[in-house]
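# Overview (structure and organization)
Spelled out from the first residue to the last, the chains are:
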Amino acid sequence: MSQRIGFIGGGNIAEAMISGLKKANSALEIRVTNLSNRGRLQGLVDRYNVIATSLTELVEDSKVLIIAVKPKDVQGVLKDLAGFSLQNKLVISVAAGVPLKVFYKYLPGVAVVRAMPNTSTAVLHSMTGLVRGDNVNDEQASVGEKIFSATGKIMWVPEKNINALTAISGSGPAYFYLFAESLIKAGVELGLSEAEAEVLVLETLIGSGKMIAESDKSPGKLREEVTSPNGTTYAALNVFMEEKLAQTVQNAAWACARRAEDLEGEYSE
């Protein structure tokens, strides 16, 4: 991938993407501007050998512009970008809750892709949803695919499904982190040291993930295979069932999707 990439914003998701992209191709030319936090920008330069630059230089010297600021700041960025010629450039937004119509308003005729990666880009295992804007040609779509395929898997979806995808994969890592935190805490309460509990939980989580990824069996089937009738696993799973874990997970996903929809309303004004 030889595209020159410019990041507008240098927060957590931008750093995760930069880390992953640099792991995939250390020679990749990446520029970053982050006016709100100069110290963080310098940290990115030191850690990943990116080029710190002004917005003007970033736009002029980058073929792909990735908007990685907070959703509330996107419209301000778009107002700034409206003053540049963006012909033949690809704009990618990783900001949740900002629909394509906002980009069309400020950047008419510009090629825009909405992307919803997750922070696992940093370890090259992101699941990224992509929405293709009206002005994106096949070559530009291919560029978007290559950028996010370098750090994991991709899925093109219609814009109406991006909030559902956000609820499952965009925010999904946090759900697993919370479960891991809770299981570590349970291990400590059962008498293990925190270090012992952490090793046990993390290795179990990694192994389970690899089993799901590499087995041709469904997660449900794998669960059944480690659950003996009236055994220890059965006792634990019974508590999850009684506490309606499946419904809780569903409720959480719905809450995430609804919040993403609310953001679209807020940031469309």
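Nothing here was measured: the structure is a model prediction, and the numbers come from that model. (Residues numbered from 1 in each chain as written. Predicted model: local features only at pLDDT ≥ 70, side-chain atom pairs only at ≥ 80, totals over all residues. Heavy atoms only, no water.)

## Here's the deal with the pattern of salt bridges
As enumerated under the stated definition, the model contains 11 salt bridges in all. For lysine 217, the salt bridge goes to glutamate 225, with nearest N and O atoms at 2.8 Å. Taking relative accessible area as the criterion, lysine 217 reaches 35% and is therefore assigned partly exposed. Glutamate 225 sits in the partly exposed class, given a relative accessible area of 43%. Among the ionic pairs, glutamate 266 bridges to arginine 259, the shortest N-O distance being 2.9 Å. Overall, glutamate 266 belongs to the partly exposed group, its relative accessible area being 37%. Its relative accessible area of 41% is what places arginine 259 among the partly exposed residues. Linked through salt bridges whose partners overlap, the residues forming this network are Glu15, Arg40 and Arg47. (Salt bridge = Lys/Arg side-chain N within 4 Å of Asp/Glu carboxyl O. Buried < 20%, exposed > 50% of the residue type's maximum accessible area, 1.4 Å probe, protein only.)

## Topic: the packing of helix H7 (residues 162-170) against helix H8 (residues 172-189)
For the pair H7 and H8, interaxial distance at closest approach is 5 Å and the crossing angle is 30°. Note on element contacts: H8 touches H7 through Gly172, Pro173 and Tyr175, opposite Ala167, Ile168, Ser169 and Gly170. Here the residues of the contact of H7 with H8 are counted per class, giving four nonpolar, three polar and no charged. (Axes fitted to C-alpha atoms, helices over the stretch in contact; angles between N-to-C directions. Helix = DSSP H or I, 4+ residues; strand = E, 2+ residues; numbered from the N terminus. Contact = heavy atoms within 4.5 Å. Nonpolar A, V, L, I, M, F, W, Y, C, P; charged D, E, K, R; others polar.)

## Topic: the side chain of glutamate 15
With respect to the helices and strands, the residue glutamate 15 is situated in helix H1 (residues 12-24). A distance of 2.7 Å separates the side chain of glutamate 15 from the side chain of tyrosine 48, its partner in a polar contact. The residues touching glutamate 15, leaving out its near neighbours within four places in the chain, are Arg40, Leu44, Arg47 and Tyr48. (Polar contact = N/O pair within 3.5 Å; in protein donor to acceptor, adjacent residues only side chain to side chain.)

## Comments concerning a nonpolar patch on the surface
Judged by side-chain polarity, Phe179, Leu183, Phe240, Leu245 and Val249 come together as a nonpolar surface patch covering roughly 420 Å² of accessible area. Within the residue set of the nonpolar patch, elements represented by two or more residues are H8 and helix H12 (245-266). In this fold, phenylalanine 179 is placed in helix H8. (Patch = residues over 30% accessible without salt bridge, like charges linked within 9 Å, V, L, I, M, F, W, Y side chains within 5 Å. Areas by Shrake-Rupley, 256 points an atom, 1.4 Å probe, with all protein chains shown as cover.)

## Looking at the sheet that holds strand S8 (residues 152-156)
Spatially, eight strands are ordered S3-S2-S1-S4-S5-S6-S7-S8 in an open sheet, and the strand pairing comes out mixed. At either end of the open sheet lies a strand with only one pairing partner, and these are strand S3 (51-52) and S8. As defined by bridge partners, strand S2 (residues 30-33) adjoins S3 across two bridges and the pair is classed as parallel. Looking at the pairing, arginine 31 lines up with isoleucine 51 of S3. (Pairing = 2+ DSSP bridges.)

## Quick word on the nonpolar core
Side chains of nonpolar character tend, in soluble globular proteins, to be buried together. Grouped together as the largest cluster of nonpolar side chains are 29 residues, with contacts concentrated most on Ile8, Ile67, Val74, Leu78, Leu81 and Leu86. Only helix H3 (55-61), strand S4 (64-67), helix H4 (74-81), helix H5 (100-106), strand S6 (111-116) and H7 provide two or more residues apiece to this core. Each residue touching leucine 86, except ones within four places of it in the same chain, is listed here: Val59, Leu65, Leu81, Val91, Leu107 and Val110. Residues Leu21, Ala111, Ala115 and Val136 belong to the second largest nonpolar core, which totals 28 residues. (Core = buried A, V, L, I, M, F, W, Y, C linked by side-chain atoms within 4.5 Å.)

## What to know about the confidence of the model for the protein
Summing up the model confidence of the protein, the mean pLDDT is 93 and the portion of residues at 70 or higher is 98%. By mean pLDDT, the top-scoring element of the protein is H8 (98), and the lowest-scoring one is helix H2 (residues 38-48) (88). (pLDDT = per-residue confidence, 0-100.)

## Here's the deal with the pairing of S6
Of all six residues that make up S6, six are buried, and the element is covered over most of its length. Going residue by residue along S6, you find Ala111, Val113 and Ala115 tucked away on one face and Val112, Arg114 and Met116 tucked away on the opposite face as well. Two strands pair when backbone bridges link them, and strand S5 (residues 90-93) and S6 are joined in this way by four bridges, in the parallel orientation. In the strand pairing of S6, serine 93 is matched with arginine 114. For S6 and strand S7 (residues 126-132), the ladder comprises four bridges, and the chain directions are antiparallel. By the bridge assignment, alanine 115 is partnered in S7 with leucine 130.

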